[in-house]
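Examination of the molecular architecture
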Amino acid sequence: MKPLMMLALLCLCALCFGASAQAGPTKTYYTVYCANGKIEVDMRDPEQMKSARGSNTFPLRQFEYRGDAENFAKSVKPNEATVCKK
């Protein structure tokens, strides 16, 4: 009986590990936000950003890589465009 229980436990562990390995890691996104007239790069979702920065906060664009988000943020010129005035 003991070897059977060990086999069942081993199968259960393998099943749990296999399920978690298939789920994979969650993707991280970097969002360029307009927050109170300033351009920011942050990993928080829009609701969290509004909670932290106030209701005058909205996302402009989302990226998988921080460098891409920062390059986009540098290319946006809030004094030229009206992207931050909603």
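Regarding its fold elements, the protein chain presents three helices and three strands. Overall, the protein chain shows an N-to-C arrangement of helices and strands of α-β-β-α-β-α. The buried share of the protein chain, reckoned over its 86 residues, is 19%. For the protein chain, long-range pairs separated by at least 24 residues make up 53% of all intrachain contacts whose partners lie at least 6 apart in sequence.

Before going further, it helps to examine the packing of aromatic side chains. Enumeration over the complete set of coordinates arrives at one aromatic pair. The aromatic ring of Phe72 is capped on one face by Arg61, whose charged end is 5.4 Å from the ring centroid.

Predicted confidence across the protein chain gives a mean pLDDT of 79, with 63% of residues reaching 70 or more. Mean pLDDT across the secondary structure elements of the protein chain bottoms out at helix α1 (residues 2-23), with 60, and peaks at helix α3 (residues 66-75), with 95.

Rules used throughout
Residues numbered from 1 in each chain as written. Predicted model: local features only at pLDDT ≥ 70, side-chain atom pairs only at ≥ 80, totals over all residues. Heavy atoms only, no water. Helix = DSSP H or I, 4+ residues; strand = E, 2+ residues; numbered from the N terminus. Buried < 20%, exposed > 50% of the residue type's maximum accessible area, 1.4 Å probe, protein only. Contact = heavy atoms within 4.5 Å. Phe/Tyr/Trp six-rings, centres within 6.5 Å; stacked < 30°, edge-to-face > 60°. Lys NZ or Arg CZ within 6 Å of the ring centre and 35° of its normal. pLDDT = per-residue confidence, 0-100.

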